[in-house]
Amino acid sequence: MMPSCSSCPSRLAGVFRSLSPAHLASLEQAAVAHMYRVHQVVFYEGNPPLAVYCVQSGQVKLYKVGRDDAELVTSIPHRSELLGHCAVLAGEPYEVTAETLEPSTICAIPARTWLKLLAEVPGMAAELLGALARQVLSLEEELLSRTQEGVRQRAARLVLRLYGPAGDGEPASVGSHPGMPRSEMAHIIGTTPETLSRTLHELAREGVLELTRGKLTVLDIRALRKVVVDHEVS
């Protein structure tokens, strides 16, 4: 079944939640849902911004390509966050590449439709400003993490990002995340796979995580958060 905008959890937690029934109908008529496999590209860095994307299910990473075609992951958005909206607002090419980390359903909203809704619905504009502010704060936090935290804190922060809720509060559930190999996790936090593996096994011995072949399961979200918070307070 194709997702419905009226019942989509991403809409209810994101910038579209203030839409009237008429505007919601316009959104639903214009949006096109696409099913993606693992590691499929949603849009490429440098391409024209023809659409804004809303993740209905699944997870995506955003990255830039540096020297020697090396990937630099800039963020792993929560499911309620939009993709490609900054490029549409600026009228500039997409500044990053978006690639799925797991099977995903993602809706493409034509840029013209999205900008029209933004102009007609003040509540949506206010929600967007709040979302942009949170993204800036998140990027600042990520930069601080990469420069001042140890591998243990960076690993805990990444796992929290993967399992974190779409909005505030406790995650809806905890479980295994099949979409990201350990080598890719290590690349994101700037360490080696061997060092990351030692760190994850240490957290497993403490009862925070459970590690099985190809799976990482969160057992204690609060303890995982404490790994990050204790560092920030110290």
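Note that the structure is a prediction, hence the values are computed from the model and not measured.

Participant: A description of the overall build of the protein chain should follow, citing residues and the corresponding values.
Facilitator: Scanning the protein chain from terminus to terminus reveals 9 helices and 10 strands. Across the 234 residues that make up the protein chain, the buried fraction comes to 44%. On the protein chain, roughly 12,200 Å² of surface is accessible, and the fraction owed to carbon and sulfur atoms is 56%.

Participant: Quick rundown of the confidence of the model for the protein chain? Include the residues and the values.
Facilitator: Looking at the protein chain as a whole, its pLDDT mean stands at 84, while 88% of the residues score no less than 70. Scored below 50 in pLDDT, residues 165-176 shows 24 contacts in the model against residues more than four places distant or in partner chains.

Participant: I'd like a rundown of the nonpolar core, residues and numbers included.
Facilitator: Counting residues in hydrophobic clusters, the biggest one holds 26 residues, and the most contacted among them are Leu209 and Leu224. Broken down by secondary-structure element, the contributors of at least two residues to this core are α6 (151-163), α7 (182-189), α8 (193-205), β10 (215-218) and α9 (221-233). Looking at this core, the element that brings in the most residues is α6, giving 7 residues. Not counting the four nearest positions on each side in its chain, Leu224 is found in contact with Ala156, Val159, Leu160, Leu203, Val208, Leu209 and Val218. Grouped together as the second largest cluster of nonpolar side chains are 21 residues, Leu27, Val52, Leu118 and Leu128 included.

Participant: Could you give an account of the sheet that holds strand β6 (residues 82-83), naming the residues involved and the relevant values?
Facilitator: Strand pairing in a sheet is mediated by backbone hydrogen bonds. Such pairs are either parallel or antiparallel. Overall, antiparallel pairing links the 4 strands, which are arranged β1-β8-β3-β6 in an open sheet. In this open sheet, the two edge strands, each paired with only one partner strand, are β1 (32-36) and β6. The pairing of strand β3 (residues 51-57) with β6 spans 2 bridges and is classified as antiparallel. Following the sheet pairing, Tyr53 is matched in β6 by Leu83. Sheet strands in contact with helix α4 (residues 111-120) are β3, β6 and β8 (104-110), and its direction is about 70° off that of β8.

Participant: Mind laying out the pattern of salt bridges, listing which residues take part and the relevant values?
Facilitator: Opposite charge on two side chains permits them to pair, given that their charged atoms come into close proximity. Under the counting rule described, the total for this entry stands at 6 salt bridges. Two residues, Lys116 and Glu120, come together in a salt bridge whose shortest N-O distance is 2.7 Å. Remark: Glu120 and Lys116 occur in helix α4; sequence separation between them is 4 residues, near one turn of the helix. Among the salt bridges present, the one from Arg152 reaches Glu206, with a minimum N-O distance of 2.9 Å. Here Arg152, found in helix α6, pairs with Glu206, found in the loop between α8 and β9 (209-212); they are 54 residues apart in sequence, far enough to count as distant. Look at Arg152 and you get partly exposed, because its relative accessible area is 24%. A network of salt bridges, in which partner residues are shared, links Arg152, Glu202 and Glu206.

Participant: Summarise the sheet that holds strand β7 (residues 97-100); cite the residues concerned and give the values.
Facilitator: One open sheet holds the 4 strands; their spatial order is β2-β7-β4-β5, and the pairing between them is antiparallel. On the outer flanks of this sheet lie β2 (41-43) and β5 (71-75), each paired with one strand and no other. Strand-to-strand twist across the sheet, computed as the mean angle between neighbouring axes with direction ignored, equals 40°. Here strand β4 (residues 60-65) runs beside β5; their pairing, made up of 4 bridges, is antiparallel. Within β5, the position partnered with Leu62 by the bridge is Ser75.

Participant: Break down the side chain of Glu81 for me, with residues and values.
Facilitator: Following the sequence through the fold, Glu81 ends up in the loop between β5 and β6. With near-sequence residues (within four places) excluded, Glu81 lies in contact with Tyr53, Gln135 and Arg161.

Participant: I'd like a rundown of the environment of Gly84, residues and numbers included.
Facilitator: Turning to its location among the elements, Gly84 is positioned in the loop between β6 and α3 (85-90). Sequence separation of Gly84 and Tyr94 is 10 residues, and the distance between their C-alpha atoms is 6.4 Å. Residues within four places of Gly84 in sequence aside, it is in contact with Phe43, Ala51, Val52 and Tyr94.

Rules of the game
Residues numbered from 1 in each chain as written. Predicted model: local features only at pLDDT ≥ 70, side-chain atom pairs only at ≥ 80, totals over all residues. Heavy atoms only, no water. Helix = DSSP H or I, 4+ residues; strand = E, 2+ residues; numbered from the N terminus. Buried < 20%, exposed > 50% of the residue type's maximum accessible area, 1.4 Å probe, protein only. Areas by Shrake-Rupley, 256 points an atom, 1.4 Å probe, with all protein chains shown as cover. pLDDT = per-residue confidence, 0-100. Contact = heavy atoms within 4.5 Å. Core = buried A, V, L, I, M, F, W, Y, C linked by side-chain atoms within 4.5 Å. Pairing = 2+ DSSP bridges. Axes fitted to C-alpha atoms, helices over the stretch in contact; angles between N-to-C directions. Salt bridge = Lys/Arg side-chain N within 4 Å of Asp/Glu carboxyl O.

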